[in-house]
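In case you want the letters, here they are:
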Amino acid sequence: MEITKFQFPTHKNDTGTLSFLEAEGHIPFPIRRVYYIYDVQGDSRRGFHAHKNLQQVLICIHGSCKILMDNGSEKQIVPLDNPAEGLLIENNIWREMYDFSPGAVLLVLASQHYDESDYIRNYEDFLTFVKENEA
Ligand code: TYD
């Protein structure tokens, strides 16, 4: 599975560091929604779904976490621990997020507004959906 990561421009000086990103410049879609996951408890695992159309970029802006990506035939684990780096998750990818360090914050940029009907929350349904869309 091809993993696409983006490195965001970063300005560092003696006082601190600033990174930035621009929709359609550093991110390959117009950003229509931003959400963030934080205060993750203990060994909690989140996600457990795929999207039919949504594209997302994940940035661990504080701390670290791991992302499991699964395209139905191959799985890959991607560690995120750099606030200046974004991970692209395209549609039809099952994802799980876990191993959050205490205080970690995962920022997500999304290509569409929230739409529950775009979610596939059952793994067997995901495998079926992937097969149907390959055919
Ligand atoms: P969910 O996507 O299941 O979270 P995760 O993938 O991190 O486990 O979303 C959790 C809840 O939040 C669910 O009830 C849907 C709601 N939600 C919104 O209302 N708007 C949003 O933009 C998102 C991402 C979730």
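Please refer to the structure higher up on the page.
A brief structural summary. In this text the structure is predicted, and so the values were computed from the model without any measurement.

Description of the pattern of salt bridges
Here's step 1: Counted under the stated rule, the structure contains five salt bridges.
Here's step 2: Of the charged contacts in the structure, one is a salt bridge between R45 and E96, with a shortest N-O distance of 2.9 Å. Here R45 is found in the loop between β4 (33-37) and β5 (46-51), whereas its partner E96 is found in strand β10 (residues 94-98), with 51 residues between them in sequence.
Here's step 3: By relative accessible area, R45 is classed as partly exposed at 38%.
Here's step 4: Taking the relative accessible area as the measure of exposure, E96 reaches 11% and is therefore buried.
Here's step 5: E116 serves as the salt-bridge partner of R121, at 2.7 Å between the closest nitrogen and oxygen.

Comments concerning the side chain of H49
Here's step 1: Structurally, H49 can be placed in strand β5.
Here's step 2: Leaving out residues up to four positions away in the same chain, H49 has contacts with I93, W94, R95, Y119, I120 and R121.

Considering the sheet that holds strand β8 (residues 75-80)
Here's step 1: Taking strand neighbours across the sheet as the criterion, the five strands line up as β8-β7-β10-β5-β12 in an open arrangement whose pairing is antiparallel. The sheet terminates laterally at β8 and β12 (119-120), the two strands that pair on one side only.
Here's step 2: The sheet contact formed by strand β7 (residues 65-70) and β10 spans five bridges and is antiparallel. Counted as the bridge partner of D70 is W94 from β10.

Side note on the nonpolar core
Here's step 1: Counting residues in hydrophobic clusters, the biggest one holds 17 residues, and the most contacted among them are I67, L80, F100 and L106.
Here's step 2: Put simply, the parts of the chain that give this core at least two residues each are β6 (56-62), β7, β8, β9 (85-89) and β11 (105-110).
Here's step 3: Here this core takes three residues from β7, the largest share from any one element.
Here's step 4: For F100, the residues in contact, after removing those within four places along its chain, are I37, V40, G42, S44, S64, C65 and L106.
Here's step 5: One finds F8, I27, V57 and L107 within the second-largest nonpolar core, a separate group that totals nine residues.

Remarks on the site of the ligand
Here's step 1: Within the structure, the ligand sits among R33, Y35, I37, R46, G47, H49, M97, Y114, Y119 and R121.
Here's step 2: At 2.9 Å from an oxygen atom of the ligand is found a side-chain nitrogen or oxygen belonging to R46.
Here's step 3: The side chain of R121 places a nitrogen or oxygen atom 3.0 Å from an oxygen atom of the ligand.
Here's step 4: When the ligand is considered free in solution it has 530 Å² of accessible area, and contact with the protein chains removes 63% of it.
Here's step 5: Contributing elements (two or more residues each) for the shell around the ligand: β4 and β5.
Here's step 6: When grouped by side-chain class, the residues that make up the shell around the ligand number five nonpolar, two polar and three charged.

What counts, and at which threshold
Residues numbered from 1 in each chain as written. Predicted model: local features only at pLDDT ≥ 70, side-chain atom pairs only at ≥ 80, totals over all residues. Heavy atoms only, no water. Salt bridge = Lys/Arg side-chain N within 4 Å of Asp/Glu carboxyl O. Helix = DSSP H or I, 4+ residues; strand = E, 2+ residues; numbered from the N terminus. Buried < 20%, exposed > 50% of the residue type's maximum accessible area, 1.4 Å probe, protein only. Contact = heavy atoms within 4.5 Å. Pairing = 2+ DSSP bridges. Core = buried A, V, L, I, M, F, W, Y, C linked by side-chain atoms within 4.5 Å. Near = heavy atom within 4 Å. Polar contact = N/O pair within 3.5 Å; in protein donor to acceptor, adjacent residues only side chain to side chain. Areas by Shrake-Rupley, 256 points an atom, 1.4 Å probe, with all protein chains shown as cover. Nonpolar A, V, L, I, M, F, W, Y, C, P; charged D, E, K, R; others polar.

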